[in-house]
Amino acid sequence: MISYDQALERLLARARRLPAESRTPVDALGCVLARDVVSPIDLPSFNHAAMDGYALRAREPLAAGSEHAVVGSQAAGDAAPASSGNACEIMTGARLPADLDAVVAVERTQLLARGDDGMPARIRLLDALAVGDNVRYAGSDVARGAVVAVAGTRIDPAHVMLLAALGVTSVEVVRRPRVAIIGTGKELLADPTRPLADEQIHSSNGPYLMAALAASSVQVLSCETLDDTASHYRDAVLRARDAGADLIVSTGAVSMGRHDFVPDALQALGAELLFHQVAMRPGKPVLAAMLGDDTLVLALPGTPMAVAVGFRFFVAPVLRAWAGQGSEVVLHAVLDTPQQPKPGLRHFLRARLSQGRDGRLHASLLKLQQPFRIQPFAEADAWVVLGEGAGDCLPGMLVEIVSLHPGVPLRIGTSGDSN
Ligand SMILES: Nc1nc2c(c(=O)[nH]1)N[C@H]1C(S)=C(S)[C@@H](COP(=O)(O)OP(=O)(O)OC[C@H]3O[C@@H](n4cnc5c(N)ncnc54)[C@H](O)[C@@H]3O)O[C@H]1N2
Ligand code: MOO
């Protein structure tokens, strides 16, 4: 049986980067940039007022109490007016007239006179004013030609705002991976609107994988639920491959039982076995195989936590490699619960996180860790990963933690009762 690290290495050795495609920034949400994005313009693109008030010329600093004639009014969207040399009424976001270089907020002035048209004609400054006061300079946010997002960045709404402000109409992103899901087991009821027979269970692995994959911006091609017939599994695998799946994730029928046909079925299809059984808990019976050069099959054990671990610790790193992203940053927390992991196995344990009074992140293992239990998964904040040689783990030691779902920041409980 190989170790988790060896298994992951074999997977990543076969993970080629997916091709790039062009998308609008909004359509690129959740996709990973294949190339750096360079700004085509300065942002802001012109010097503009940060306040509603008056634009003045302050090359020589203007003293508090100084009086100024006001000519004209400039609102956001107005073209730059001809230079008058006088003060000019101005609104937030309006382009600064070419010869003016400072803005005073209207409430920091005294209005001395209005013109016949009712417009401000003369003002007095309540404070001194210097060049650049309340001016937002062209290029002060982003300079034209600057790299604003690097290849490997996952586009989030903040990037969409930035790209839109720069007038970027298309970006090169890595094509979304195409994944097909196959659930096996004649006990499974896939349609929750139908009544559950005594011998049936609701299928939760398929919906979980659909949700987890969608949250990773993967295109889910299909989600099939099959009985325990090997030929049905082979047909479903071939259907998924022919539909263009980069990855087929199946659940169940991969262990030692009479009905665990997956290893033989994949062999019969001529798949190249990468590994079967990994020294880890949960999820030990996991199998990986290549169907040709382009389709990876990950056959996860059916037990719900074996599926969750398989997704988080095998599927997620492969998705990163396909997107040209490196491995995730390794995070640590102080262990609050003693644990005696079985030597030689990599353990993935569900934990609650809190920020202790010492200001550090603390991980408290949930009591019920059996892999069939789903409730503690929904209560957990993170995975704690214990290595094969972790030995007796005592409270106070630092342990590796991994967010429950890829791409989602760590959820941290608010109890704060750790010390
Ligand atoms: N003799 C041995 N028996 C088992 C071993 C072993 O080493 N020797 N390993 C155990 C481990 S660890 C796991 S994990 C399971 C995995 O078995 P399979 O991959 O063959 O999975 P199934 O038997 O098909 O299902 C296991 C369990 O999960 C339930 N299940 C399956 N699919 C779904 C689904 N879509 N939604 C919800 N629940 C599902 C299924 O009903 C079973 O209860 O094998 C151990 N046995
Ligand atoms: O892989 Mo299993 O989930 O330890 O029962």
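About the cut-offs
Residues numbered from 1 in each chain as written. Chains lettered and ligands numbered in written order. Predicted model: local features only at pLDDT ≥ 70, side-chain atom pairs only at ≥ 80, totals over all residues. Heavy atoms only, no water. UniProt positions renumbered as here; feature names shortened; annotations may be inferred. Helix = DSSP H or I, 4+ residues; strand = E, 2+ residues; numbered from the N terminus. Buried < 20%, exposed > 50% of the residue type's maximum accessible area, 1.4 Å probe, protein only. Contact = heavy atoms within 4.5 Å. Areas by Shrake-Rupley, 256 points an atom, 1.4 Å probe, with all protein chains shown as cover. Lys, Arg positive; Asp, Glu negative; His and termini not counted. Charge placed at Lys NZ, Arg CZ, Asp CG, Glu CD. Patch = residues over 30% accessible without salt bridge, like charges linked within 9 Å, V, L, I, M, F, W, Y side chains within 5 Å. Salt bridge = Lys/Arg side-chain N within 4 Å of Asp/Glu carboxyl O. Pairing = 2+ DSSP bridges. Axes fitted to C-alpha atoms, helices over the stretch in contact; angles between N-to-C directions. Near = heavy atom within 4 Å. Polar contact = N/O pair within 3.5 Å; in protein donor to acceptor, adjacent residues only side chain to side chain. Nonpolar A, V, L, I, M, F, W, Y, C, P; charged D, E, K, R; others polar. Arc of directions from axis to C-beta. Phe/Tyr/Trp six-rings, centres within 6.5 Å; stacked < 30°, edge-to-face > 60°.

- As named in an unreviewed UniProt entry, the protein chain is Molybdopterin molybdenumtransferase, taken from Dyella halodurans.
- A UniProt comment under Sequence similarities (unreviewed entry) is attached to the protein chain, and it reads "Belongs to the MoeA family."
- According to UniProt, the comment filed for the protein chain under the heading Function (unreviewed entry) is "Catalyzes the insertion of molybdate into adenylated molybdopterin with the concomitant release of AMP."

**Re the overall build of the protein chain**
Next, step 1: Broken down by element type, the protein chain carries 7 helices and 26 strands.
Next, step 2: Here the C-alpha coordinates of the protein chain stretch approximately 95 × 55 × 45 Å along the principal axes.
Next, step 3: Taken over 419 residues, the protein chain has a buried fraction of 44%.
Next, step 4: In the protein chain, the proportion of contacts linking residues at least 24 apart, taken out of those at least 6 apart, comes to 73%.
Next, step 5: Summed over all atoms, the accessible surface of the protein chain reaches about 20200 Å², with 52% contributed by carbon and sulfur.
Next, step 6: Once the 38 positive and 45 negative side-chain charges of the protein chain are each reduced to a mean point, those two points are 4 Å apart.

**Section: a nonpolar patch on the surface**
Next, step 1: A cluster of nonpolar side chains, Val38, Val147 and Val150, forms an exposed patch at the surface whose accessible area comes to about 240 Å².
Next, step 2: Note on placement: Val147 falls in strand β11 (residues 147-149).
Next, step 3: For Val147, a relative accessible area of 47% gives the class partly exposed.

**What to know about the sheet that holds strand β9 (residues 120-125)**
Next, step 1: Sheet architecture is open: 6 strands sit in the order β7-β4-β6-β5-β9-β8, paired in mixed fashion. Each of the sheet's edge strands pairs with one partner strand only, and the pair in question is β7 (102-105) and β8 (109-114). Mean inter-strand twist for the sheet, computed between neighbouring axes without regard to direction, equals 35 degrees.
Next, step 2: Relative to β9, strand β5 (residues 67-74) is paired through 3 bridges, and the arrangement is antiparallel. Across the sheet, the residue bridging to Glu67 is Arg124, located in β9.

**Remarks on the site of ligand 2**
Next, step 1: Around ligand 2, the neighbouring residues are Pro282, Gly283, Lys284, Pro285, Thr303, Ala306 and Pro371.
Next, step 2: The separation between an oxygen atom of ligand 2 and a polar main-chain atom of Gly283 is 2.4 Å.
Next, step 3: One nitrogen or oxygen atom from the main chain of Lys284 is found 3.3 Å from an oxygen atom belonging to ligand 2.
Next, step 4: In terms of residue class, the shell around ligand 2 is made up of 4 nonpolar, 2 polar and 1 charged.

**Observations concerning the environment of Arg241**
Next, step 1: The residue Arg241 is located in helix α4 (residues 230-242) in this model.
Next, step 2: In sequence terms Arg241 and Leu291 are 50 residues apart; their C-alpha atoms lie 8.1 Å from each other.
Next, step 3: Contacts of Arg241, omitting those with residues within four sequence positions, involve Ile248, Leu291 and Thr295.
Next, step 4: Of the polar contacts made by the side chain of Arg241, one reaches the side chain of Asp242; its length is 3.2 Å.

**Remarks on helix α1 (residues 4-13)**
The periodicity of an α-helix, 3.6 residues per turn, causes residues three or four places apart in sequence to face the same way.
Next, step 1: Tyr4, Ala7, Leu8 and Leu11 are the residues of α1 that are buried. With its buried residues spanning 95 degrees around the axis, α1 presents them on a single face. Exposed side of α1, more than 90 degrees from the buried face: Glu9 and Ala13 are the residues found there.

**So, the packing of aromatic side chains**
Next, step 1: Scanning all chains against the criterion turns up 10 aromatic pairs.
Next, step 2: Relative to Phe377, the ring of Tyr208 has its centre 5.8 Å away and its plane inclined at 70 degrees; by these criteria the two rings are edge-to-face. Pair noted here: Tyr208 is in helix α3 (residues 205-215) and Phe377 is in helix α7 (residues 375-379), with a separation of 169 residues, a long-range link. Phe377 carries the same exposure label as Tyr208, and that label is buried.
Next, step 3: Members of the aromatic cluster, each reached through a chain of ring pairs, are Tyr4, Tyr208, Phe275, Phe311, Phe313, Phe314, Phe348, Phe377 and Trp383.

**Some words on the site of ligand 1**
Next, step 1: The immediate surroundings of ligand 1 are formed by 19 residues, with Glu187, Ser204, Asn205, Asp260 and Pro301 found nearest.
Next, step 2: Contact distances for ligand 1 include 2.6 Å between an oxygen atom and a side-chain N or O atom of Glu187.
Next, step 3: Val254 places a main-chain nitrogen or oxygen 3.1 Å from an oxygen atom of ligand 1.
Next, step 4: When the free accessible area of ligand 1 is taken as 870 Å², the share hidden by the protein chains comes to 65%.
Next, step 5: Grouping the amino acids of the shell around ligand 1 by side-chain chemistry returns 7 nonpolar, 9 polar and 3 charged.

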